[in-house]
Amino acid sequence: MANLQKRDLVSIDDLATAEILELFHHADEFRDNLRNWSQLCGGTIMATLFFEPSTRTRLSFESAMLRLGGGVITAADEKTTSRSKGESLADTVRVVGGSYADILVLRHPEDGAARVAARYARVPVINGGDGAHEHPTQTLCDLYTLWKEKGRLEGLEVVLCGDLRYSRTIHSFCYALARFGANIVTLPYPGFELPDYVLHRLRRDFGVQAAAASVADLPGIAGSHNAAAYLTASKPHQLALFTNLTAHEVNRIDAIYMTRAQRERHSGEETKNYPRLSSHTLRAAAAKDARVMHPLPRVDEIDYDVDDDPRSVYFRQAELGVPMRMALMAFLLGRIQLRSSPPALVSTTLGIQAGAGLRCRNERCITNGEGVRYLTRDFRLRDSESPPILACAYCEREVEARFVGVAGSQQVFRYNAPEARRLRTEERVWFESEAQALAAGFQVAGRGPENAGTV
Amino acid sequence: MANLQKRDLVSIDDLATAEILELFHHADEFRDNLRNWSQLCGGTIMATLFFEPSTRTRLSFESAMLRLGGGVITAADEKTTSRSKGESLADTVRVVGGSYADILVLRHPEDGAARVAARYARVPVINGGDGAHEHPTQTLCDLYTLWKEKGRLEGLEVVLCGDLRYSRTIHSFCYALARFGANIVTLPYPGFELPDYVLHRLRRDFGVQAAAASVADLPGIAGSHNAAAYLTASKPHQLALFTNLTAHEVNRIDAIYMTRAQRERHSGEETKNYPRLSSHTLRAAAAKDARVMHPLPRVDEIDYDVDDDPRSVYFRQAELGVPMRMALMAFLLGRIQLRSSPPALVSTTLGIQAGAGLRCRNERCITNGEGVRYLTRDFRLRDSESPPILACAYCEREVEARFVGVAGSQQVFRYNAPEARRLRTEERVWFESEAQALAAGFQVAGRGPENAGTV
Amino acid sequence: MANLQKRDLVSIDDLATAEILELFHHADEFRDNLRNWSQLCGGTIMATLFFEPSTRTRLSFESAMLRLGGGVITAADEKTTSRSKGESLADTVRVVGGSYADILVLRHPEDGAARVAARYARVPVINGGDGAHEHPTQTLCDLYTLWKEKGRLEGLEVVLCGDLRYSRTIHSFCYALARFGANIVTLPYPGFELPDYVLHRLRRDFGVQAAAASVADLPGIAGSHNAAAYLTASKPHQLALFTNLTAHEVNRIDAIYMTRAQRERHSGEETKNYPRLSSHTLRAAAAKDARVMHPLPRVDEIDYDVDDDPRSVYFRQAELGVPMRMALMAFLLGRIQLRSSPPALVSTTLGIQAGAGLRCRNERCITNGEGVRYLTRDFRLRDSESPPILACAYCEREVEARFVGVAGSQQVFRYNAPEARRLRTEERVWFESEAQALAAGFQVAGRGPENAGTV
């Protein structure tokens, strides 16, 4: 169904590291004179489909497209769309991504929605934020800002501060920082630490190790009492240190990335004494060369009197979003070419169909939301052993698949049983548990269903 | 007040049959390369005034205009417009259709609103759906799709299925099919049959006769128990057959046009066992060459596994909307010329002013809604005899005018009285009933008002 | 922070009188063929930030920008913006007025918001209406219409009718009429007279004197019972007359400017017997050469049958808004140059920082609204004597500053005390009252704080 030639940006992983660096250079060119490119994408149309409000992101994309000379059509408010008549996202993108528009930008409250759009639309899809899943263009802009400010990403010391649990931009940024070899210092608001699955993925995919960190006093955001952590893959010789009680000392900071409390995602929870960066913070020696970043909108986690400090780059960060998105769209529309190869994993391949077996455990995943009507449950194998780990092909939530069955005989085995290993990939049906297998009508091999529960 | 040179598309009747076919050929040209026409309407502006949400229709128009090189301004949400300050539609279109825009597209909840807009705006007006009245560009796109798929319209067998009562697109489509000589098979959801006034107009204007139909078994949408009807004007030799008990057999179908239940128009009524087209339906022999059409958005009246069947053309139907609307707008803006003559009836002439007499019986008509403040009650004579039938010049609802009076003497006669026949057209005042005439202060000729009620 | 080179239009005072007349001539040129200018601002982007709905104003600006060949991005509904996440206006305009857009048009419910935007944005800001403060482009369009219709502004007799209290367009229009030497006749709906502060400013800034007026009978809007006033600066020899009981007779009218009841600003107050202009009104001899104007939307204060009278220019007034706004934006974007000098007072200079002292008395001022978080309380000296009058630098509400202190010694004096006169401008801290000074920790000079209250 999907055009295999087309490229989408659903996850930051859809771009190879070298491609990202090339896009930075193109963005620099665009930025030199933003008003100079109105012929590059003439005749093309971008549709912004925003099922969740986000003026900033939408306007940034629309500005980028207009500066490229293209046209813009917008469905900006859920209530003004056909969804109120019950239309599925798949239908919407097939229509709007038919003759209406040449590229789609989607924002949607359900995790994994952007992958659904990419799968069904005939034109490139850019994820403008899908639930708690990803917001990859924000990540690109963050990386681009840091790269411009510091001239490199490798080896930078980046402090992440505030709500690290619910902020999707933080999670994507973490993976990207790890991928480019930067080190991460986490300064979470208590109770809003990085989730375990983020740490797990940082370790598995990038070899990142976590250790306690001792952060130089940064008034308002960090002190001796903080539960800071240091995440790095770039200094393997220091790993031993991390197993000691001695925390890694952070005395020089390249960037402080502040985030607001995502109140719309955790209403009811208190956020008093939330970190607040002030001019005092920036007087700390460790912050001498730091850049203050923020994805905006800010609430009050950065004082207004910090705005005029030359190290405050959050408005520049927003400004750089336009040339960065220009580069991305010109690339996806085929108006600029990159010399680098795309990532090995073409993410539009969905891999494993769960069939009667697995169901994504993420209740906010689109496969458990509006997709129930029409999506198959697709997964990708992330790790094949001890036990196998499968990720939802849409929202990327991972599950351990401890049992594997075979469709023909309706038999199921533990993943590490000899019979399981002999099954061909295409006939495998995966389950999290025996109970799930039994509920799907499978039998545990060598036993009748009556005593299956005792295993 | 209206510019007599300008052309509007309020009703599909505003275009001559030959003009429609010419527009199809222009649409084909546009479709060859949608990105190739960005000079054709450069410098012009389209305003979309949507007083009722319809993302699909709005985006289709906006895309068409951008592809023609024009600009777009949009008022997409009732609440963001001046209507909340009490402005009339007539004022809005005089302002927006002054210097703001060169063409208007209107969607409005009141029947007949588009005719009001056409009358007051100085620029061409396109009806994007006005209440239950018309949605002519949807009809154009439907006809265009069918014409492209089948190479002709004459003699096609078109099944209309689902909610035939409340769907304005179905009504317009019926008239257009009859006009182009296609035959119609109705498969209504019980209780949602075509309204009598649609059947009546099909008979009067196009000579269409209705008969019972026996439809080949189409699982999910038709069976022996269906109250199917066959509507045709093209086979006069078979008319005798229709008076028999033998139903017309339908064994070959060119198109199945599915519609969703218009839940927003009949909330509260149940729609369980609503027809549902599935891959089983398409396995029927009669459906071998059928095309599956749907105006979208679909709810669940077509199964998702039908999407990949090559006979499913509903997404193509949406896609063709853009080149079709490009052709229409380029024509109305004077950027392409048609060789064919316009229809004889210039629909902007309003004909008869009802004066103190008739009032449109349609409670959702704009003359009974916001137009009360400023519209005169205008009618057009549709049928001059037995008894005369007048149609509201805005919403086209028909009334029988059994009495005719004369303004000067305030006398009123039965329509077929000799005195009535002698009245000059311009002095006639029409009434539905004596009571209505009396209420307006008229007297029944030759009698005092005291015994008028006994006639 | 602000770019000192850029020009904004926050208040009509931001344009010199000669500049306004030059812009009229440019608007005439644009109007000759609206479709002819699509290269003039190619490559530029206008952002419309509408925190309050106003379709008419927004569409007029968007049309103007598209006709100039620029692009448009829009945040039209408060609920779709980041404000629901708590972002300040200052942050929004710094982002959108960064790389997103080259010019901003703002509409905002808080008085003074446009000045905040102008101060923080790097690009030109146009005030599209900020609370009850100003709506200068409406004023420009009104003046332009009158100038075109009458060939001049000097000495015209302009009747203002209806709600003169809450209509910001009326207030701005008054100042502008006075500046251009026109005379004003007020015909207020009882209770909705021009506020005193408007009269006060007319007198101080333009030498306008008010007198009772006797207005020729104008059915529906004026009669002998009206509390009409005549405001003029152009006939100094008649001033003596105004002090007599004889009212100034108005027998020839150049324009009648009708306004609707601003129901959204005074809900609950009755507006029955609100003035209503009809064809009867226009039959009055005094109205022979009058033009009927209205900022629109109209509710029912002008009858529909007046629309076809050639003296009705309210739709032309709306139409002229597009070329007028084209001229303004082409100027602010630097695409056309004016020969005239800018006004002496560069309004972006804020003048006096109130520090711990004055607070704007206008509860709807942005300094008392969302600006509390980040704005300093800035004032400008309007009148330095008897007592000094300071105007809020944002909403322009004036206060009498009867006390002046000095920051170093925390001492405060009456404004006319010798010590006060010796204070250097930059060390002055202003107060409305002793109580305010004491509350701020200042001491009345020469006394202890214990008996300060007895002064």
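Residues numbered from 1 in each chain as written. Chains lettered and ligands numbered in written order. Predicted model: local features only at pLDDT ≥ 70, side-chain atom pairs only at ≥ 80, totals over all residues. Heavy atoms only, no water.

Engineer: Provide a residue-level description of the overall build of chain A, including the pertinent values.
Structural biologist: Helix and strand content of chain A: twelve helices and 19 strands. Across the 455 residues in chain A, those meeting the buried criterion constitute 63%. Once local pairs closer than 6 in sequence are excluded, the contacts in chain A between residues at least 24 apart make up 70%. Summed over its atoms, the accessible surface of chain A is roughly 17100 Å², and 49% of this surface lies on carbon and sulfur atoms. (Helix = DSSP H or I, 4+ residues; strand = E, 2+ residues; numbered from the N terminus. Buried < 20%, exposed > 50% of the residue type's maximum accessible area, 1.4 Å probe, protein only. Contact = heavy atoms within 4.5 Å. Areas by Shrake-Rupley, 256 points an atom, 1.4 Å probe, with all protein chains shown as cover.)

Engineer: For helix 5 (residues 136-150) of chain B, give the residues involved together with the corresponding values.
Structural biologist: Residues and elements named next belong to chain B. Spanning 15 residues, helix 5 covers 21 Å between terminal C-alpha atoms, matching the ideal 21 Å at 1.5 Å per step. With 14 of 15 residues buried, helix 5 lies mostly within the body of the structure. Of the residues flanking the end of helix 5, it is Gly151, one or two places downstream, whose phi is positive at about 75°. (Expected span 1.5 Å × (residues − 1).)

Engineer: Could you give me a rundown of helix 6 (residues 168-179) of chain C, with the residues and numbers involved?
Structural biologist: Residues and elements named next belong to chain C. Taking 1.5 Å of rise per residue, the twelve residues of helix 6 would be expected to cover 16 Å, and the 17 Å separating its terminal C-alpha atoms lies within 8% of that figure. Burial analysis of helix 6 places twelve of its twelve residues in the buried class, which makes it a mostly covered element. Those residues of helix 6 lying buried are Arg168, Thr169, Ile170, His171, Ser172, Phe173, Cys174, Tyr175, Ala176, Leu177, Ala178 and Arg179. Two residues or fewer past helix 6, Gly181 is found with a positive phi of approximately 85°.

Engineer: Break down the relation of the copies chain A and chain C for me, with residues and values.
Structural biologist: Its rotation angle being 120°, the transformation that places chain A on chain C also includes 0.0 Å of axial translation and leaves an RMSD of 0.1 Å. On the angle and the small slide along the axis, the relation comes out as a three-fold axis. Within chain A, Gly71(A) has its C-alpha nearest the rotation axis, a separation of 5.0 Å. (Least-squares fit on C-alpha atoms with pLDDT ≥ 70 in both.)

Engineer: Explain the packing of helix 3 (residues 89-100) of chain A against helix 4 (residues 113-120) of chain A to me, using residue names and the numbers behind them.
Structural biologist: All names here are of chain A. Contact geometry for helix 3 and helix 4: axes closest at 9 Å, N-to-C directions at 45°. Comparing their axes, helix 4 and helix 3 come out oblique. The two elements helix 3 and helix 4 cross, and the hand of that crossing is right-handed. Along its contact with helix 3, which presents Leu89, Ala90, Val93 and Arg94, the element helix 4 presents Ala113, Val116, Ala117 and Tyr120. Tallied by class, the residues present in the contact of helix 3 with helix 4 amount to seven nonpolar, no polar and one charged. (Axes fitted to C-alpha atoms, helices over the stretch in contact; angles between N-to-C directions. Parallel < 35°, antiparallel > 145°, perpendicular 65-115°, else oblique. Left-handed = near helix turned anticlockwise from the far one by under 90°. Nonpolar A, V, L, I, M, F, W, Y, C, P; charged D, E, K, R; others polar.)

Engineer: Describe the side chain of Ser54(C), listing the residues and the values that go with them.
Structural biologist: With respect to the helices and strands, Ser54(C) occurs in the loop between strand 1 (45-50) and helix 2 (55-67). At 3.2 Å, the side chain of Ser54(C) forms a polar contact with the side chain of Arg107(C). (Polar contact = N/O pair within 3.5 Å; in protein donor to acceptor, adjacent residues only side chain to side chain.)

Engineer: Which residues make up the packing of aromatic side chains, and what are the values?
Structural biologist: Geometry of an aromatic ring pair is reported as the spacing of the ring centres plus the angle between the planes. Residue and element names in this part refer to chain A. According to the stated counting rule, one finds 36 aromatic pairs over all chains in the structure shown. Both rings, one in Tyr144 and one in Trp147, keep their centres 6.1 Å apart while their planes meet at 25°; by these two values the pair is stacked. In this pair, Tyr144 and Trp147 are both assigned in helix 5 (residues 136-150), three residues apart and thus about one turn of the helix distant. Taking relative accessible area as the criterion, Tyr144 reaches 0% and is therefore assigned buried. (Phe/Tyr/Trp six-rings, centres within 6.5 Å; stacked < 30°, edge-to-face > 60°.)

Engineer: Hey, could you go over the environment of Cys365(B) for me, with residue numbers and the actual values?
Structural biologist: Residue and element names in this part refer to chain B. Inspection of the secondary structure assignment puts Cys365 in the loop between strand 12 (352-353) and strand 13 (378-383). By relative accessible area, Cys365 is classed as buried at 0%. Placed 254 residues apart in sequence, Cys365 and Asp111 show a C-alpha to C-alpha distance of 4.6 Å. The contact partners of Cys365, leaving out residues within four places of it in the chain, are Asp111, Cys360, Cys392 and Cys395.

Engineer: Give a detailed account of the interface of chain B and chain A, specifying residues and quantitative values.
Structural biologist: Taken together, the contact pairs 27 residues of chain B with 31 residues of chain A. Considering only the surface of chain B that becomes buried against chain A, Arg35(B), Leu59(B) and Tyr304(B) emerge as the three largest contributors, covering 24% of it. At the surface where chain B touches chain A, the tally comes to six salt bridges. When the shortest N-O distance is used, the salt bridge between Glu319(B) and Arg122(A) registers 3.7 Å. For the pair chain B and chain A, the number of links is 13 residue pairs in polar contact (both at pLDDT 80 or more). When contributions to the side of chain B that touches chain A are tallied by element, the ones reaching two or more residues are helix 2 (55-67) and helix 10 (314-332) of chain B. At nine residues, the largest contribution of residues to the side of chain B that touches chain A is made by helix 2 of chain B. Its residues assigned to classes, the side of chain B that touches chain A shows eleven nonpolar, four polar and twelve charged. (Buried area = accessible area lost by both parts, 1.4 Å probe. Salt bridge = Lys/Arg side-chain N within 4 Å of Asp/Glu carboxyl O.)

Engineer: Can you explain the packing of helix 3 of chain A against helix 2 of chain B? Please cite residues and give values.
Structural biologist: Two elements in contact, helix 3 of chain A and helix 2 of chain B, have axes separated by 10 Å at closest approach and are oriented at 15°. As the angle between them shows, helix 3 of chain A and helix 2 of chain B are arranged roughly parallel. Both helix 3 of chain A and helix 2 of chain B take part in a crossing whose hand is right-handed. Where helix 3 of chain A approaches helix 2 of chain B, its residues Val95(A), Val96(A), Ser99(A) and Tyr100(A) are matched on the opposing element by Arg56(B), Leu59(B), Ser60(B), Ser63(B) and Arg67(B).

Engineer: I'd like to hear about the sheet that holds strand 4 (residues 125-130) of chain A, residue by residue, with values.
Structural biologist: Taken together, the four strands give an open sheet; going across it, the order is 2-1-3-4 (chain A), and neighbouring strands pair in parallel fashion. Where the open sheet ends on each side, the last strands, each with one partner, are strand 2 (71-75) and strand 4 of chain A. For this sheet, the mean angle separating the axes of adjacent strands, direction not counted, is 15°. Note that strand 1 (residues 45-50) of chain A and strand 2 of chain A share five bridges and pair parallel. Looking across to strand 2 of chain A, one finds that Met46(A) is bridged to Val72(A). Across the sheet, helix 2 (residues 55-67) of chain A lies against strand 1, strand 2, strand 3 (103-108) and strand 4 of chain A, angled at about 175° from strand 1 of chain A, the strand it touches most. Sitting on the sheet, helix 2 of chain B touches strand 1 and strand 2 of chain A, and the angle it makes with strand 2 of chain A is about 175°. (Pairing = 2+ DSSP bridges.)

Engineer: Break down the state of the cysteines for me, citing the residues and quoting the values.
Structural biologist: With the rule as written, the count across this model stands at zero disulfides over all chains. This cysteine, Cys365(A), is not joined by any disulfide, and Cys395(A) carries the nearest cysteine sulfur, 3.7 Å off. Here Cys395(C) is not cross-linked by a disulfide; its sulfur's nearest cysteine counterpart is in Cys360(C), at 3.5 Å. (Disulfide = S-S within 2.5 Å.)

Engineer: How would you summarise the interface of chain A and chain C if you had to cite specific residues and measurements?
Structural biologist: Often, the extent of an interface is quoted as the loss of accessible area upon association of its parts. Residue-level contacts link 28 residues of chain A with 31 residues of chain C. Taken together, the two surfaces of chain A and chain C that pack against each other cover about 2600 Å², and 53% of this comes from carbon and sulfur. A per-residue breakdown of the area chain A buries against chain C is headed by Arg35(A), Leu59(A) and Tyr304(A), which together make up 24% of the total. Across the contact surface, chain A and chain C share six salt bridges. One salt bridge in this structure joins Asp102(C) and Arg35(A), with 3.1 Å as the shortest N-O distance. The interface formed by chain A and chain C holds 13 residue pairs in polar contact (both at pLDDT 80 or more) in total. Those elements giving two or more residues to the side of chain A that touches chain C turn out to be helix 2 and helix 10 (314-332) of chain A. For the side of chain A that touches chain C, the per-class residue count stands at eleven nonpolar, four polar and 13 charged.

Engineer: Can you tell me about the environment of Ala178(C), naming the residues and giving the values?
Structural biologist: All names here are of chain C. Within the secondary structure, Ala178 is located in helix 6. You can call Ala178 buried: its relative accessible area is 11%. Sequence separation of Ala178 and Leu146 is 32 residues, and the distance between their C-alpha atoms is 14 Å. Beyond its immediate sequence surroundings of up to four residues, Ala178 is in contact with Leu202, Phe206 and Val208.

Engineer: Any details on unusual backbone geometry? Residues and values, ideally.
Structural biologist: Where the residue is not glycine, phi is negative for most of them; where a peptide bond is considered, it is trans in most cases. Residues and elements named next belong to chain A. Of the consecutive residues Leu296 and Pro297, the connecting peptide bond is found in the cis state with omega at 0°. In this structure, Pro297 sits in the loop between strand 11 (291-293) and helix 10. Although it is not a glycine, Gln410 sits at a positive phi angle of roughly 60°. Of note, Gln410 is situated in the loop between strand 16 (403-406) and strand 17 (411-414). The class of Gln410 is partly exposed, set by a relative accessible area of 31%.

That is the geometry; function is a separate question.
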